[in-house]
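# Structure assessment
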Amino acid sequence: MPHLLTIAVSILFDGLAYAMFLFITSVGLSVTMGLMGFVNLAHGAFAMAGGYIVVSLTRSLGIDFVPSLLISAVVIAVASVPFERGLYRRLYKSTDLEQVLLTIGLAFMAIAAFTYFYGPIPKSVPLPSWLEGDINLGFRSFPSYRAFLILIGAILITILWYAFERTNIGAKIRAAVDNRRMAESVGINVDRLFTLTFALGSGLAALGGGFAIQLFGLTPYFAVLYLVLFLIVVAVGGLGSLKGTLLAALVIGIIDTGGKYMFPQAGNFFIYAITVIVLLIKPAGFYGRE
Amino acid sequence: MAASEPTSGAMTAKAARDRAAEYLLRRHYFRWPEALPWLIAIVCFFVFPDRMTFGSQVVIMIMFALSLDLILGYAGIVTLGHAAFFGVGAYTVALASLKLGWSEPVSGVVGAGIVAGLVGVIVGWFILRYRGLTLLMLTIAFAAMLQEAGNIRSDFTGGYDGLPGLMFDPLLGHFQYDLYGHTAYWYALAVLAVVFFFVRRVVYSPFGQALTGIRENVRRMHSIGSPVHRRLVTVYAISAGIAGMAGALFTQTNAYVTLTVFDFDASAKVMVMLILGGTGRLYGPFIGAVIYMVMEDYFSKLSPTFWQFGIGLMLVLAVLFARRGLLGLAETGWRKLSQRGAP
C-alpha cells in the first residue's frame, strides 16, 4: 500500500520537525526547572521575543534569516540575565503559586508590549531561496525548511548531549539537578550555574521562536498559546532530563501531527490526552525523579 | 500548640488550651463589618441602576473567585484550569434548556452545581494525588481537553460561535429577565449570599481547619492520620460545584455561551482577581473581583493592550510587594496605625 506508506512518511517527517521545534524551545525550561524547581511561565515570552527580533532583523535591517536566528538567540540569552538576577532570584524559595503569578504577569506584560510595537497580526519573514521549496532526498522530496529545522535540531541535540554528559559544567548541572544541597556543599556554585543555564535556555527558546515564525505564524499570543505545549513537554519528559525532554518532544510531536492528519477536527485534543495519561501513570514524567 | 510545651506549668498550659479553644469557637462569630459588602451591593443597585448588567457579571465573578479561594487559598491547590468547572456549569444549563427543554433557572443552577461537582469528584480523585508542576499541568490539560472535546462536537455545543437563542423561564415563575439586568443582579446576589454563607461555614468547620493544615504542612497531616486525599477531593468537588453554579448564572444572565469560557485566560483571570483581593480570606474574592472588573471595564475601553500590560504589572507588583493581596495590605496598614495610636 504505497499510499499509506507515503502518509506515514509525511507524518513522521512533519512530526519530527515539530518535535525538534518543541525540543529546542523546551529544553532550557526543563533544565532550569530541574535545577531550581522554578515554575517559569514566562519562557514562552522569551521565545516570542526571539521571534520578533528575527522579524525586525530580516525585515528592517535586511539581514539573512539564518544569521538573524543566531543574533536573536544571543540577544535574548543576554537580555534574560537581568530578569533572572533582578526578579526570579527573589522567588527561588517562594511557593509555586508566587512563581506562577510573577512569571505569568511578566508574560502578560510581554504580550502587551509586543502587541503595542508589532501589532496583533501574524508576521512572516523573507526566507533565503535554499530554504524555500523542496529538497530531494533520493526516494522522495521534503519541504527544505522543515528538513533544515530537523538538521539544526539534530546538531543541537548532539552538542547538548556532549555538553551535558562529557564536560565539567554538564556534570555540575547534573549533580545540582540530582541533589542541590549536596552539590552546593561540595562547592558547586549553583546560583551561577542557574544563571548560565537560564541564559542558555532562553537563547534556545529564542531560536525556537525564530523557527516558529514560518511554522505557525508569529503573534504576541505565541507566549501563552505555545507555553502550555512547552510545559507539557517538560512535565511529560521529567524535570531536568535531556533524554526525557527529547523523548517527550518526539512522542508529542509525532502523535499530534498524526492525530491532526487523521482527525483534523480534533485540534490539540491528542496532546492533552497523552499528557493526562502519562502524568497519571508517571507523575514525574518519563525520566523525572519521583 | 502552646498546650504541649513541657516547660510551662499545668495552669498556663490549661489557660493556653482554653484560649485556643475560645479562639476557635469565636472565630466564626459574625462581626458587624461583615454586613458591609452586602450593604454596598444593595446601595450599588440604587446608585447605578443602569449598570446592573455589568453588576450581575461582577457578582458572578465574585462567586467564581470564591470557589477558587476555597481550593487555592484554604487547601493550597494551585490550579490554572478552574475555568473547566465554570464551563461545565455554563454548558449544563445551556444544553439542558436547548436539548431537554429544562429552562427553569433556579433548579438549573442547582443542577449545574451538582454536575460540575460530580466532574470535580472524578477529576479530583485522579489528579489530587500530585502536587506542584504535575498538578498544575494536569489542571491545565484537563480544561484544555474539555475545550477541545467541545470543539470536536461543535454541532452539539455550538463551538466558538456559541449557542445563541437560549431562553430561560422567568425567575420563580414571576420575574422576567429585563434589559437593565435588575432581575439578574438580585438573582445572582441571592445565589452568591447562599453560597457565601455555606463557604463560610465550611471554612470555619473542623474540615476547614484540616484543609489549612494540609496547605501548611501536608506531611504532618498525613502523620496525624488525617485522610488528606479524601479531604482534598471533597473540597475540590465543593469548589467545582460553586464554580459550576457561577457558570450557570453566567449563561442564564447572558442567554449566550461559547467555548471561550474554558479558555486558559479565563482560568488565569479568576486567579488574578483572587490574588489581587487576597487568598485564604473570605472577603478577598469580593475586593479582588470588584476592583478587577471595574478596572477592566474602564481601561479595556481605553486600550485593551494597555489593560493587559496593567494586569501583568499588577501581578508582578503583588508578588513582590503585597503577597497577601489588597486586604492583606490593608490589614498590615491598619495594624501599624493602631499600634502607633496605642500608648
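All of these numbers come straight from a predicted model, not from anything done at the bench.

### A few points about the confidence of the model for chain B
Residue and element names in this part refer to chain B. Per-residue pLDDT for chain B has a mean of 84; in total, 93% of the residues score no lower than 70. With pLDDT under 50 throughout, residues 1-5 is counted as low confidence; its partners more than four residues away or in other chains account for 7 contacts. As a predicted assembly, this complex carries a pTM of 0.85 together with an ipTM value of 0.83.

### Section: the interface of chain A and chain B
Reports of interface size often rely on the accessible area that becomes lost once the parts have come together. Across the boundary between the two partners, chain A contributes 34 residues, which contact 31 residues of chain B. At the level of secondary structure, the elements contributing two or more residues to the side of chain A that touches chain B comprise α4 (96-118), α10 (227-237) and α12 (269-281) of chain A. Residue contributions to the side of chain A that touches chain B peak at 16 residues, all from α4 of chain A. Within the side of chain A that touches chain B, the residues separate by chemical class into 26 nonpolar, 6 polar and 2 charged.

### Looking at the environment of Ile77 of chain B
Residues and elements named next belong to chain B. Along the polypeptide, Ile77 turns up in the loop between α3 (52-74) and α4 (83-99). For the pair Ile77 and Ile214, spaced 137 residues apart in sequence, the C-alpha separation works out to 9.7 Å. Excluding residues that lie within four positions of it along the chain, Ile77 makes contacts with Ile71, Leu72, Leu232 and Tyr236.

### Digging into the packing of helix α3 (residues 65-86) of chain A against helix α8 (residues 190-216) of chain A
Geometry of a packed helix pair, given as the angle between the helix axes and the separation of the axes. Residue and element names in this part refer to chain A. Between α3 and α8, whose axes approach to 7 Å, the crossing angle comes to 140°. Relative to α8, the element α3 lies oblique. In the packing of α3 onto α8, the handedness of the crossing is right-handed. Contacts between α3 and α8 pair Leu69, Ser72, Ala73, Val74, Ile76, Ala77, Ser80, Val81, Glu84 and Arg85 from the former with Thr195, Phe198, Ala199, Leu200, Ser202, Gly203, Leu204, Ala206, Leu207 and Gly210 from the latter.

### Digging into unusual backbone geometry
The backbone of Ala255 of chain B shows a phi angle near 55°, a positive value even though the residue is not glycine. Mapped onto the elements, Ala255 of chain B comes out in the loop between α11 (228-254) and α12 (264-277).

### Here's the deal with α4 of chain A
Under the 1.5 Å per step criterion, the end-to-end length of α4 of chain A is 32 Å for 23 residues, consistent within 8% with the ideal 33 Å. Positioned one or two residues after α4 of chain A, Gly119 of chain A has a phi angle of 80°, which is positive.

### Quick word on the environment of Ile127 of chain B
Residue and element names in this part refer to chain B. Here Ile127 shows up in helix α5 (residues 105-127). Taking C-alpha positions, Ile127 is 9.9 Å from Met137, a pair spaced 10 residues apart along the chain. For Ile127, the contacting residues outside a window of four places in its chain are Leu135, Leu138 and Thr139.

### Some thoughts on the packing of α10 of chain A against α12 of chain A
Residue and element names in this part refer to chain A. At a minimum axis separation of 10 Å, α10 and α12 run at an interaxial angle of 25°. Compared by their axis directions, α10 and α12 come out roughly parallel. Considering the relative orientation of α10 and α12, their crossing is left-handed. Along its contact with α10, which presents Leu229, Ile232, Ala235 and Val236, the element α12 presents Ile271, Thr275, Val278 and Leu279. The class makeup of the residues in the contact of α10 with α12 is 7 nonpolar, 1 polar and no charged.

Rules used throughout
Residues numbered from 1 in each chain as written. Chains lettered and ligands numbered in written order. Predicted model: local features only at pLDDT ≥ 70, side-chain atom pairs only at ≥ 80, totals over all residues. pLDDT = per-residue confidence, 0-100. Contact = placed C-beta atoms within 7 Å. Helix = DSSP H or I, 4+ residues; strand = E, 2+ residues; numbered from the N terminus. Nonpolar A, V, L, I, M, F, W, Y, C, P; charged D, E, K, R; others polar. Axes fitted to C-alpha atoms, helices over the stretch in contact; angles between N-to-C directions. Parallel < 35°, antiparallel > 145°, perpendicular 65-115°, else oblique. Left-handed = near helix turned anticlockwise from the far one by under 90°. Expected span 1.5 Å × (residues − 1).

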